[in-house]
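Structural overview
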Amino acid sequence: MPDTARYAIYYMPATTTALWTFGCRVLGYDPAHPGATPPQPYDALAAAAPASAVQEPSIYGFHATLKAPFELSAASTENALLQSAQAFARRERSFSIGPLRVTRLHTFIALCPAERHEPLHQFADRCVVSFEPFRARLSAHDRARRLAAPLTSEHIANLERWGYPYVFAQFQFHMTLSGSLGPDAIAPLHRALAELYAPIDTDLQIDGLAVFKQERRGERFRVLQRFAFG
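Structural notes, computed from the coordinates. (Residues numbered from 1 in each chain as written. Predicted model: local features only at pLDDT ≥ 70, side-chain atom pairs only at ≥ 80, totals over all residues. Heavy atoms only, no water.)

**Thoughts on the pairing of strand E2 (residues 64–70)**
So the rule is basically this: Think of it in three bands: residues with accessible area under 20% of the maximum for their type are buried, residues over 50% are exposed, and the middle band is partly exposed, with areas taken using a 1.4 Å probe on protein chains only. Helix and strand assignments follow DSSP, with helices taken as H or I runs no shorter than four residues and strands as E runs no shorter than two, numbered in order from the N terminus. The pairing criterion for strands is at least two bridges between them, as found by DSSP.
For E2, the tally of buried residues reaches 7 of 7 residues, placing the bulk of the element in the interior. As defined by bridge partners, strand E1 (residues 6–11) adjoins E2 across 4 bridges and the pair is classed as antiparallel. From the neighbouring strand, Tyr-10 faces E2, where its bridge partner is Thr-65.

**Regarding the nonpolar core**
Defined as follows: Nonpolar cores were defined as sets of buried Ala, Val, Leu, Ile, Met, Phe, Trp, Tyr and Cys residues, with membership established by side-chain atoms within 4.5 Å. Here, two residues are considered to be in contact whenever any of their heavy atoms come within 4.5 Å of each other.
Formed by 60 residues in total, the largest nonpolar core has its most connected members in Leu-111, Phe-123, Phe-173, Ile-206 and Leu-209. Sorting elements by how many residues they give to this core places helix H1 (residues 18–27) first, with 6 residues. Sequence-distant contacts of Phe-123, that is, excluding residues within four places in its chain, are made with Leu-66, Phe-88, Glu-92, Phe-95, Ile-206, Leu-209 and Phe-229. Grouped together as the second largest cluster of nonpolar side chains are 5 residues, Ala-68, Trp-162, Tyr-164 and Val-167 included.

**Quick notes on helix H7 (residues 153–162)**
Going by this rule: Our arc is simply the arc of the directions from the helix axis toward the C-beta atoms.
Burial in H7 covers these residues: His-155, Asn-158, Leu-159 and Trp-162. Taken end-on, H7 shows its buried residues confined to a sector of 105 degrees, consistent with a single buried face. Residues of H7 that are buried sit in contact with E2, helix H5 (118–130) and helix H6 (140–147).

**Regarding the pattern of salt bridges**
So the rule is basically this: When a carboxyl oxygen of Asp or Glu lies within 4 Å of a side-chain nitrogen of Lys or Arg, that pair is called a salt bridge.
Taken as a whole and judged by the stated rule, the model has 15 salt bridges. Of the charged contacts in the structure, one is a salt bridge between Arg-145 and Asp-142, with a shortest N-O distance of 3.4 Å. Here Arg-145 pairs with Asp-142, and both are found in helix H6, just 3 residues apart, close to one helical turn. Residue class for Arg-145 comes out partly exposed when judged on its relative accessible area of 36%. Of the residues examined, Asp-142 reaches a relative accessible area of 5% and is grouped as buried. When the shortest N-O distance is used, the salt bridge between Arg-222 and Glu-215 registers 2.7 Å. On the basis of relative accessible area, Glu-215 is assigned to the partly exposed category, the value being 30%. The network of salt bridges with common partners includes Lys-67, Glu-132, Arg-135 and Arg-161.

Function-wise, these values are silent; they only describe arrangement.
Structure below.
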């Protein structure tokens, strides 16, 4: 397994929002304050599912993927990536995508938009293209790991060209709340998460993006910097 640092471009809510607090409490990790005491977990989730249910997504922190984790190309630097993210954010303007819903996606649970929002997809497409020059070619290990999942020919073409299968037409905005679960485990956790999320359910404003960093494989990602739009 490679031991090189990885970076990612994610949507994350501002750390002052109820949504950020909710996501960090569900996953048991706050990537904006990685050395702090873990967020207070929800009692209802402990009764609905074991802690292992969020073990994998807690590595990445609460987010929606815009540019999936990548190693830096030889010609790139962390500082240049941050400068590019800041410049990109300055050109963008905030927009609402409506409410999110606690949704079952195959074998895991995530927050997803209630309906498709074209400006959101266009924004995600711009992120994929704009930050591509910073991405190193996929390692053999990472390529094999991605190919182990069930992928269509379009997914594979995206993987070879952009380093990630789920871009452009295959993109789905989602903020992961659990790892992969069996059919008996996913239903009670889905109910518990929906009840916990209901009091803060409101239209989501896409108003910034963040650069996350993973120092070494297996370690948790942390927020390097969040950039507000405009």
